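Architecture at a glance
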Amino acid sequence: MIITAVKYYDTDGKLVKQYLQNPLKLSPLVSRDFYLEQKDTTGGYGANFLVEWVAEKQVNEPIVEAIMLGTSGSQAVAFSSSGKVIENNIK
């Protein structure tokens, strides 16, 4: 599998940041993370990530999740959000 783009969009759908300059080839069971600082508010309350990928042969769809971990004083908050396929370019 080759990750071709990881894009960060704000609440209004404006591209904030692209995380990859070059495609990233992943072997089976390999994981990668793309970090966003807890204090980063450029995406707003409805920020989104789009992960684009291709494969040279048929593979299972990747598992893409966003995980938020934060602390403030003695309080902590954490949640996760699973990604969804929004476009499929099978030929």
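Before reading further, recall that the structure is shown in the block above.
A few points on the structure. (Residues numbered from 1 in each chain as written. Predicted model: local features only at pLDDT ≥ 70, side-chain atom pairs only at ≥ 80, totals over all residues. Heavy atoms only, no water.)

**As for the overall build of the protein**
A tally of helices and strands in the protein yields zero helices and six strands. Along the protein, from the amino end to the carboxyl end, the secondary structure elements read β-β-β-β-β-β. For the protein, the C-alpha atoms occupy an extent of roughly 50 × 30 × 25 Å along the three principal directions. In the protein, which comprises 91 residues, the share counted as buried stands at 14%. Summed over all atoms, the accessible surface of the protein reaches about 8000 Å², with 51% contributed by carbon and sulfur. (Helix = DSSP H or I, 4+ residues; strand = E, 2+ residues; numbered from the N terminus. Buried < 20%, exposed > 50% of the residue type's maximum accessible area, 1.4 Å probe, protein only. Areas by Shrake-Rupley, 256 points an atom, 1.4 Å probe, with all protein chains shown as cover.)

**Regarding the pairing of strand β1 (residues 2-9)**
Here β1 lies mainly inside the structure; seven of its eight residues are buried. In the sheet, β1 pairs with strand β3 (residues 24-25) via two bridges, with the strands oriented antiparallel. Each residue of the ladder has a partner; that of I2, found in β3, is K25. For β1 and strand β4 (residues 48-54), the ladder comprises seven bridges, and the chain directions are antiparallel. Counterpart to Y8 in the pairing with β4 is F49. The turn linking β1 back onto strand β2 (residues 15-18) is made up of five residues, and G13 within it adopts a positive phi angle of 80°. (Pairing = 2+ DSSP bridges.)

**Focus: the pattern of salt bridges**
Considering all chains together, one arrives at two salt bridges under this definition. K7 serves as the salt-bridge partner of E52, at 3.5 Å between the closest nitrogen and oxygen. Remark: K7 occurs in strand β1 and E52 occurs in strand β4; sequence separation between them is 45 residues. Put simply, E56 and K25 hold a salt bridge, and the shortest N to O gap is 3.7 Å. Here E56, found in the loop between β4 and β5 (65-72), pairs with K25, found in strand β3; they are 31 residues apart in sequence, far enough to count as distant. Across the pair, K25 and E56 agree in class, each one exposed. (Salt bridge = Lys/Arg side-chain N within 4 Å of Asp/Glu carboxyl O.)

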